[in-house]
Amino acid sequence: MAAGIREKQTVALKRMLNFNLPPIKNSTGEPVWKVLIYDRFGQDIISPLLSVKELRDMGITLHLLLHSDRDPIPDVPAVYFVMPTEENIDRMCQDLRNQLYESYYLNFISAISRSKLEDIANAALGASAVTQVAKVFDQYLNFITLEDDMFVLCNQNKELISYRAINRPDITDTEMEAIMDTVVDSLFCFFVTLGAIPIIRCSRGTAAEMVAVKLDKKLRENLRDARNSLFTGDTLGAGQFSFQRPLLVLVDRNIDLATPLHHTWTYQALVHDVLDFHLNRVNLEESSGMENSPAGARPKKKNKKSYDLTPADKFWQKHKGSPFPEVAESVQQELESYRAQEDEVKRLKSIMGIEGEDEGAISMLSDNTAKLTSAVSSLPELLEKKRLIDLHTNVATAVLEHIKARKLDVYFEYEEKIMSKSTLDKSLLDMISDPDAGTPEDKMRLFVIYYINSVQAPSEADLEQYKKALTDAGCNLTPLNYIKQWKAFAKMASAPTSYGNVTAKPLGLFSRVMNTGSQFVMEGVKNLVLKQQNLPVTRILDNLIEMKSNPETDDYRYFDPKMLRGSDSSVPRNKNPFQEAIVFVVGGGNYIEYQNLVDYIKGKQGKHVLYGCSELFNAAQFIKQLSQLGQK
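Residues numbered from 1 in each chain as written. Predicted model: local features only at pLDDT ≥ 70, side-chain atom pairs only at ≥ 80, totals over all residues. Heavy atoms only, no water.

Going by the annotation in an unreviewed UniProt entry, the name recorded for the protein chain is Sec1 family domain-containing protein 1, with Terrapene triunguis given as the source organism. Check the Function (unreviewed entry) section of the UniProt entry for the protein chain; it says "Plays a role in SNARE-pin assembly and Golgi-to-ER retrograde transport via its interaction with COG4. Involved in vesicular transport between the endoplasmic reticulum and the Golgi." (UniProt positions renumbered as here; feature names shortened; annotations may be inferred.)

K.L.:
How would you explain the pattern of salt bridges if you had to name every residue and give the values?
P.N.:
This structure, assessed with the given rule, holds 29 salt bridges. Ionic pairing is found between Asp560 and Arg245, a salt bridge with its closest N-O pair at 2.8 Å. Here the residue Asp560 occupies a position in the loop between strand 15 (557–559) and strand 16 (580–586), and Arg245 occupies one in the loop between helix 8 (207–224) and strand 9 (247–252), the gap between them amounting to 315 residues. Neither residue differs from the other here; Asp560 and Arg245 are each classed as buried. It is possible to trace a salt-bridge network through shared partners that takes in Asp273, Arg406, Asp442 and Arg445. (Salt bridge = Lys/Arg side-chain N within 4 Å of Asp/Glu carboxyl O. Helix = DSSP H or I, 4+ residues; strand = E, 2+ residues; numbered from the N terminus. Buried < 20%, exposed > 50% of the residue type's maximum accessible area, 1.4 Å probe, protein only.)

K.L.:
Would you mind going over the side chain of Lys487 in detail, with residue names and values included?
P.N.:
Topologically, Lys487 is positioned in helix 19 (residues 478–493). Salt bridges are absent for the buried Lys487, whose nearest opposite-charge side chain, Asp256, sits at 11 Å. In contact with Lys487, not counting residues within four places along its chain, are Tyr451, Ile452 and Ser454. (Lys, Arg positive; Asp, Glu negative; His and termini not counted. Contact = heavy atoms within 4.5 Å.)

K.L.:
Give a description of the pairing of strand 4 (residues 101–108) that names residues and reports values.
P.N.:
With 7 of 8 residues buried, strand 4 is to be regarded as a mostly interior element. Where strand 3 (residues 73–82) meets strand 4, 7 bridges bridge the pair, whose relative direction is parallel. Each residue of the ladder has a partner; that of Ile73, found in strand 4, is Tyr101. Tracing the backbone out of strand 3, into helix 4 (residues 86–97) and back to the parallel element strand 4 gives a crossover that is right-handed. Strand direction decides the pairing type here: strand 4 and strand 5 (residues 133–138), joined by 5 bridges, are parallel. Among the inter-strand pairings, Tyr104 is bridged to a residue of strand 5, identified as Val133. Assessed by its sense of winding, the connection that carries the chain from strand 4 through helix 5 (residues 114–126) to strand 5 is right-handed. (Pairing = 2+ DSSP bridges. Right-handed = clockwise from strand over helix to strand, strands pointing away.)

K.L.:
Pulling in residues and values, what's your account of the packing of helix 1 (residues 5–17) against helix 7 (residues 173–194)?
P.N.:
Contact geometry of helix 1 with helix 7 gives a least axis separation of 9 Å together with a crossing angle of 85 degrees. One way to sum up the angle between helix 1 and helix 7 is to call them roughly perpendicular. Where helix 1 abuts helix 7, its residues Ile5, Lys8 and Gln9 lie against Phe190, Thr193 and Leu194. Across the contact of helix 1 with helix 7, the residue classes break down as 3 nonpolar, 2 polar and 1 charged. (Axes fitted to C-alpha atoms, helices over the stretch in contact; angles between N-to-C directions. Parallel < 35°, antiparallel > 145°, perpendicular 65-115°, else oblique. Nonpolar A, V, L, I, M, F, W, Y, C, P; charged D, E, K, R; others polar.)

K.L.:
Explain the side chain of Lys116 to me, using residue names and the numbers behind them.
P.N.:
Here Lys116 is to be found in helix 5. Buried charge without a partner: Lys116 forms no salt bridge, and the closest opposite charge is Glu86, 4.6 Å away. Not counting chain neighbours up to four residues away, the residues in contact with Lys116 comprise Pro84, Thr85, Glu86 and Ile89.

K.L.:
Help me get a handle on helix 1, residues and values and all.
P.N.:
Counted at 1.5 Å a residue, the expected span for helix 1 with its 13 residues is 18 Å, and the 18 Å between its end C-alpha atoms agrees. Directly beyond the C-terminal end of helix 1, a positive phi value near 60 degrees is found at Phe19. (Expected span 1.5 Å × (residues − 1).)

K.L.:
Mind laying out a negative patch on the surface, listing which residues take part and the relevant values?
P.N.:
On the surface, a cluster of negative charge is contributed by Glu86, Glu87, Asp90 and Asp119. The leading source of residues in the negative patch is helix 4, at 3 residues. If you trace the backbone, Asp90 turns up in helix 4. The partly exposed category is assigned to Asp90, whose relative accessible area is 47%. (Patch = residues over 30% accessible without salt bridge, like charges linked within 9 Å, V, L, I, M, F, W, Y side chains within 5 Å. Areas by Shrake-Rupley, 256 points an atom, 1.4 Å probe, with all protein chains shown as cover. Charge placed at Lys NZ, Arg CZ, Asp CG, Glu CD.)

K.L.:
Describe in detail the packing of aromatic side chains, supporting the description with residues and values.
P.N.:
How two aromatic rings sit relative to each other is given by the distance of their centres and the angle of their planes. Across all of its chains, the model carries 24 aromatic pairs by this definition. Consider the rings of Tyr594 and Tyr611, whose centres lie 6.4 Å apart with planes at 40 degrees: the pair is tilted. Placement of Tyr594 in helix 21 (residues 591–602) and of Tyr611 in strand 17 (residues 608–613) is noted, with a sequence separation of 17 residues between them. Per residue, the accessibility class of Tyr594 equals that of Tyr611, and both read buried. A network of ring pairs unites the aromatic residues Tyr267, Phe277, Trp316, Phe324, Tyr591, Tyr594 and Tyr611 as a single cluster. The side chain of Lys34 reaches across the aromatic face of Phe19, ending 5.1 Å from its centre. Across from the ring centre of Phe188, 5.1 Å away, lies the NZ or CZ of Lys218, which sits over that ring. (Phe/Tyr/Trp six-rings, centres within 6.5 Å; stacked < 30°, edge-to-face > 60°. Lys NZ or Arg CZ within 6 Å of the ring centre and 35° of its normal.)

K.L.:
Give me the lowdown on the sheet that holds strand 12 (residues 303–308), citing residues and values where you can.
P.N.:
In spatial order, the strands read 10-11-12; together these 3 strands make up an open sheet with antiparallel pairing. Two strands lie at the open edges of the sheet, namely strand 10 (276–278) and strand 12, each paired on one side alone. This sheet shows a mean twist of 20 degrees between the axes of neighbouring strands, independent of strand direction. Pairing between strand 11 (residues 281–286) and strand 12: 6 bridges, direction antiparallel. Of the residues in strand 12, the one forming a bridge with Glu286 is Asn303.

Structure below.
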């Protein structure tokens, strides 16, 4: 996995946009102009990877949704990128009949069935457009890559494979099969794109095991059909692969329900927890100030702004895993270094007496202005730097408002203590009944974490007291009904998960760290430093990637799709530690676990880990699913 999955999926998309040929420009260096038609699924796959500008460089003049009203453009080729669903196919046949484009390159995100392919062929015949259907491809790109080392299965219809969907008490076998098939189809696409056959490990008796069995079968069938195998020939180009196969660890969300509810302290996870952040884009509501409006004027309406947090954003890449106080400090430093450079440019301009002139005039001056030209040439770079600083100032300020309003630092520290079983300095009841600390949802999250982590469940009398305090604080208690059942069931299954015994160390308050000129007023927010401790998912990975013996993972099943026959027992086990692993959480994942894995692997020389999940939810979305499960 020398190349990250992000790069591989991007290369595959670019190849597809170039009519499935390796990218080459024509003699004039101009790309061939074309239209891109996608559905919502295709849009979600492309948007985190390619910007509009990159699409334009690839020759995409228009990109339109399949089910929107589209005008005919008869002299332009169209590249379609859609799921092979009934309604999409009907719409494509309609396009053929209406002769919308010059030629059609049909790309299916996931494999299309024979019967649907015949429908398209019939429509093409009926519209006598057979010659115009240039190519039909299965792309096997049915997953969304968010980072070099992180992917999620889908964003549209994610409720169909959500934690709630898998854990519904009244689910039928056929429904469960359908959910598992959806998950497996996406995972299969992921490995085709990665170009690797993994060795699969999973826990027994869980949804993860069902996924493992189905994925093993699907990979086997594909390998056996040597002529049509997707894992031979050019996909496994030389040098793309290290000789070692990756390890796929399939984990069930149920092994750890506390982490998704945990209040967090790192930048990316905080943004996901308190702001509207999905598919690498954060949406902020900015309230415009009231100060300058005359008395009695209506408050201005809130502006919605959205920012893309991409891998090209160096600040984001560097700090997305940092504790929030560090991020605030770094934004401030960047701002100061920018101001120093900005003053330098102004100073140079004023020396030469050309403050108001445009850059064109500057470049005409004689060569003794080399110094100034270097200042001018660095302007675009400076402006980009300024844009990123402004972006992070806004995002960090929005996060900080939540931290201060809801005392999230207090929650984070308290939950860390609960999870590491250390002594609590304040009773849980006080936290719940403190009207200033947090929203009802924050309190519910805290209590559920406490309940999950308590070795002895609280006595009925205590529980009633907690419930009363929670109800008084305005909490919805339905998630607790579900967590109770879950805990009773989990208790039979295994011992409670431990979270290591390290807590966050407060470094004194922030105000001492931050200089007085700072934009961020941090008084009263604790400056907590994180200690690396492995969450359950990371611990499981550690046991399996290093081939350690541990009761927690010793009975994990082992699948090797390359072995022709053989059940669990007879398969010769790979005894060496793995270099590359994919951790996939069936039932949903979060940025806290992702960050924990990233931090863990930093300490391992030459090893790589990818984190994937069936859906990505923050605590609010997860609590909602738990309360739906608790309503029954």
